[in-house]
Amino acid sequence: MLNKEPVTGRQVVAYLGLGSNMNDPERQIESALSAISGLPSTTLLRTSPLYSSKPWGKTDQPDFVNIVAEISTGLDPNSLLRHAKQIEAEQGRTEGERWGPRPVDIDILLYGDRRLRSDILTIPHIRMWERRFVLQPLADLRPDLISPDGRTINDLLSHADIASQGLWRIIDSGKTGHEEK
């Protein structure tokens, strides 16, 4: 991992979206969560259940396993992003096809109440409000969340375009099946 990271001077609660559809996706997610819990000035607080989802954007690939992690971190957003990209690379992710298959993808969804827009990072995540595989696990952790347009996370989940996106909760780490969500 990187050494000597800038810290904010205070702990911030942030939410990370993780997804994988290659090389034993559940194991990839577990490995990424372990790496996240080892980041400097960072504590993994809790995670949503695991979900399986149909691919978004590019549909001719295996289904994804998704989860949202709630962390407390003293890392600033750009340092957190650098660490996320390093974890992805260590798990075999290479730059390739947009929305294509990947061993692991880690996105910063929320970073406290901070708003940020740069060439490399937008917080809140720019597409999180349109993706069921992000909203449902996030709703498991933050049912009180309100979108920028004032709708509750449950209102967003019931919207036709989002509600129609396939998503299944993985029961007992995939060993006993799936539950439609």
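What counts and what doesn't
Residues numbered from 1 in each chain as written. Predicted model: local features only at pLDDT ≥ 70, side-chain atom pairs only at ≥ 80, totals over all residues. Heavy atoms only, no water. 1 Å grid on protein atoms, 1.4 Å probe; cavity = no way out; pocket = protein on both sides within 12 Å on 5 of 7 lines; lining within 4 Å. Points joined across faces, edges and corners; volume = space filled by probe spheres on them. Helix = DSSP H or I, 4+ residues; strand = E, 2+ residues; numbered from the N terminus. Nonpolar A, V, L, I, M, F, W, Y, C, P; charged D, E, K, R; others polar. Buried < 20%, exposed > 50% of the residue type's maximum accessible area, 1.4 Å probe, protein only.

Vacant regions in the atomic arrangement are exposed by a probe of water-molecule size rolled over the atoms. In the structure shown here, the tally under the stated rule is 1 cavity of 30 Å³ or more. In this model, the largest cavity occupies a volume close to 30 Å³. Contributing to the lining of the largest cavity are Leu16, Ile36, Leu39, Leu80, His83, Ala84, Ile87 and Ile106. Take the lining of the largest cavity: its biggest share by element is 4 residues, from helix α2 (residues 77-90). Of the residues contributing to the lining of the largest cavity, the split by class is 7 nonpolar, 1 polar and no charged.

With respect to burial, helix α3 (residues 132-141) is a largely interior element, 9 of its 10 residues being buried. Among all positions in α3, only Arg132, Phe133, Val134, Leu135, Gln136, Pro137, Leu138, Ala139 and Leu141 are buried.

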